[in-house]
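Analysis of the macromolecular model
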Amino acid sequence: MVDITSEYLGIKLKNPLIASSSPLTGSLDKARELEDAGAAAIVLPSLFEEELIEDQEIMHGTLDFQAIGFGEADSFLPEIQLYQSHLDQYLEKAQAIKSSLDIPVIGSLNGRSLSGWLENAKLLEELNCDALELNTYHVSANIDDTAAEVESEYTLLVNELRSAVNVPITVKLSPQYSSLGNYIQQLQHNGANGVVLFNRFYQPDINLDTLRLEPRLQLSTPTEALERIRWIALLSKRIDLSFAATGGFHNASDVLKVLLAGGDAVYLCSVLLQRGPNHIKTLLSEMQAWLLEKEYESITQLKGSLCYEHSDDAITYERGNYLSVLRSYIAETE
Ligand SMILES: Cc1cc2nc3c(=O)[nH]c(=O)nc-3n(C[C@H](O)[C@H](O)[C@H](O)COP(=O)(O)O)c2cc1C
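Right, let's walk through the structure included here. (Residues numbered from 1 in each chain as written. Predicted model: local features only at pLDDT ≥ 70, side-chain atom pairs only at ≥ 80, totals over all residues.)

1. Re the overall build of the protein chain
Condition: Numbering of helices and strands runs from the N terminus, with a helix taken as a DSSP run of H or I at least four residues long and a strand as a DSSP run of E at least two residues long. Values of the radius of gyration come from C-alpha atoms, whereas the globule rule sets the reference at 2.2 Å times the count of residues to the power 0.38. Partly exposed residues are those falling between the two cut-offs: more than 12 but fewer than 20 other C-beta atoms within 10 Å of their own, whereas 20 or more means buried and 12 or fewer means exposed, with C-beta atoms placed from the backbone. Each residue gets a C-beta atom placed from its backbone, and two residues are in contact if those atoms lie within 7 Å.
The helix and strand inventory of the protein chain stands at 12 helices and 13 strands. Against the globule reference of 20 Å for 334 residues, the protein chain gives a C-alpha radius of gyration of 22 Å, in line with a compact fold. Taken over the C-alpha atoms alone, the protein chain extends approximately 80 × 50 × 45 Å along its principal axes. Out of the 334 residues belonging to the protein chain, those deemed buried represent 37%. Considering only contacts in the protein chain between residues 6 or more positions apart, those separated by 24 or more positions represent 71%.

Structural data, given as structure tokens:
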């Protein structure tokens, strides 16, 4: 057997496969199945500040209504003491998952205000989460915001969080930054321990019958993996952070490519929703088979051997091959 252990955010992993945030990682039964199938760690579904705000609004509405008082109608209202908020439910479930798994559990946050990010980060740290992931789902829709303003919002956030919690922090990023490497360095200087490349953006569709917008959630396909592999190859050895890949990882060959590019972990979500937790077993045995065939003794031995700095053909990771790629297509059609 090849040694497939890896290290991510300073945490030793028995292999590089992590179950990414999804409804699977938020269910105690499914989380156990993921662990049994070989997941090295799981990331909890994000704790969304916006859901907590909605909850508070409902709660205040109920309290106001009771304060006004409508005599016997009061008895139809829910008992405040019995009301379990979204936050209570989330923390109860997360606690149950954390205490029943042996593998590391990474908490995930999606905030709206600085105080919200900070308070919720502390709550997840109190649950003994092994690390915190910041789910930064930012769409730059305001045309007056400069790139520097957008970036500083998150670098400042990481800076504040770094002083507030002791656990490792990783930032799940979008690919849409004009100078991604520089931005990731800023995150590192402000205290991030790792990055996750890349968050997937769900594209709203236009319904031609109703002429209305429709939110759409489509699961990923393996075509998305190469963009992640390229960026990990470009940055992994030049910025001293942990790198994880998310988005389009469905098969063992793409997982191996992330490792060759210098990545430390690969997140799985869509493929597990489609095929179930046991797909992890298949991926692990296919990875083992390839590593044995190529006579590797460990993942450490191959990690980063095809990153930008170590590849004989590094220019291919840049713009270098753009024209030849276009020409190769024309040649095929002649
Ligand atoms: C149903 C569903 C729920 C998700 N929930 C979250 C979430 O709460 N927080 C988060 O950071 N990502 C969430 N994601 C994104 C995944 O964790 C993952 O990063 C993304 O789907 C790309 O990986 P994949 O190609 O393996 O699906 C969700 C994805 C799906 C499909």
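2. Section: the site of the ligand
For the record, the criterion: Each residue receives a C-beta atom built from its backbone; the residue is near a molecule or strand if that atom lies within 6 Å of it.
Taken together, 21 residues lie near the ligand, and Ser 21, Asn 135, Ser 220, Cys 269 and Ser 270 sit nearest. Looking at the shell around the ligand, the elements with two or more residues in it are β13 (265-268) and α9 (270-275).

3. So, helix α1 (residues 28-37)
Note the following rule: Picture the helix axis, draw a direction to every C-beta atom, and the arc is the one those directions span.
Among all positions of α1, only Ala 31, Leu 34 and Glu 35 are buried. For α1, the buried positions fall inside an angular range of 100° around the axis, keeping them on one side. Turned more than 90 degrees away from the buried face of α1, the exposed residues are Asp 29 and Asp 36. On its buried face, α1 sits against β3 (17-19), β4 (41-43), α3 (86-100) and α10 (279-293).

4. A look at the pairing of strand β6 (residues 105-110)
Selection criterion: Should DSSP find at least two bridges between two strands, the strands are taken to pair. A clockwise course of the path from the first strand over the helix to the second, judged with the strands pointing away from the viewer, identifies a crossover as right-handed.
Here β6 lies mainly inside the structure; 6 of its 6 residues are buried. Neither face of β6 is exposed, since Val 105, Gly 107 and Leu 109 on one face and Ile 106, Ser 108 and Asn 110 on the opposite face are all buried. By the bridge criterion, 2 bridges tie strand β5 (residues 47-48) to β6 in an arrangement that is parallel. The residue bridging Phe 48 from the neighbouring strand is Asn 110, located in β6. Each parallel crossover has a hand, and for β6 linked through helix α4 (residues 114-126) to strand β7 (residues 131-135) it is right-handed.

5. With respect to the environment of Ser 236
Relative to the helices and strands, Ser 236 is located in the loop between α7 (225-235) and β12 (242-245). For Ser 236 and Asp 264, which are 28 residues apart along the polypeptide, the C-alpha to C-alpha distance reads 9.0 Å.

6. Considering the pairing of β13
Both faces of β13 are covered, namely the face carrying Ala 265 and Tyr 267 and the face carrying Val 266 and Leu 268. Relative to β13, β3 runs parallel, the two sharing 3 bridges. Bridging from a neighbouring strand, Leu 17 pairs with Val 266 of β13. Two strands pair when backbone bridges link them, and β12 and β13 are joined in this way by 2 bridges, in the parallel orientation. Following the sheet pairing, Ala 244 is matched in β13 by Ala 265. Handedness of the β-α-β unit built from β12, helix α8 (residues 252-261) and β13 comes out right-handed.

7. A short note on helix α5 (residues 147-164)
Worth spelling out the cut-off: Between the first and last residue of a helix there are one fewer steps than residues, each counted as 1.5 Å, and that sum is the expected span.
Over its 18 residues, α5 runs 26 Å from end to end, which matches the ideal 26 Å to within 8%, given 1.5 Å per residue. Taken together, the buried positions of α5 are Thr 155, Leu 157, Val 158 and Leu 161. With its buried residues spanning 150° around the axis, α5 presents them on a single face. Those residues of α5 that are exposed and angled more than 90 degrees off the buried face are Ala 148, Glu 149, Leu 156 and Ser 163. Next to the buried residues of α5 lie α4, β8 (169-173) and α6 (180-189).

8. Looking at the packing of α1 against α3
What counts, and what does not: Between N-to-C directions, angles span 0 to 180 degrees; the directions come from axes that are lines fitted to C-alpha atoms, helices contributing only their stretch in contact. Roughly parallel covers angles under 35 degrees, roughly antiparallel covers those over 145, roughly perpendicular covers 65 to 115, and oblique covers all other angles. Handedness of a crossing follows from how the near helix is turned relative to the far one, being left-handed for an anticlockwise turn of less than a right angle and right-handed for a clockwise one. Ten residues, namely Ala, Val, Leu, Ile, Met, Phe, Trp, Tyr, Cys and Pro, are considered nonpolar, four, namely Asp, Glu, Lys and Arg, are considered charged, and the remaining ones, Gly among them, are considered polar.
Contact geometry for α1 and α3: axes closest at 10 Å, N-to-C directions at 25°. When the axes of α1 and α3 are compared, the pair comes out roughly parallel. Between α1 and α3 lies a crossing of right-handed hand. In contact with Leu 28, Ala 31 and Arg 32 of α1, α3 contributes Lys 93, Ala 96, Ile 97 and Ser 100. Among the residues making up the contact of α1 with α3, the classes are represented as 4 nonpolar, 1 polar and 2 charged.

9. Comments concerning the environment of Pro 23
Tracing the chain through its elements places Pro 23 in the loop between β3 and α1. Considering only alpha carbons, one finds Pro 23 and Cys 269, 246 residues apart in sequence, at a separation of 9.4 Å.

10. With respect to unusual backbone geometry
Following Leu 197, the chain continues into Phe 198 via a peptide bond in cis, with omega recorded as -5°. Looking at where Phe 198 falls in the secondary structure, it is placed in the loop between β9 (194-197) and β10 (205-207). Of note in this structure, Leu 9 is not a glycine but carries a positive phi near 55°. On the secondary structure map, Leu 9 appears in the loop between β1 (6-8) and β2 (11-13). Phi at Asn 128 is positive, roughly 70°, even though this residue is not glycine. Topologically, Asn 128 is positioned in the loop between α4 and β7.

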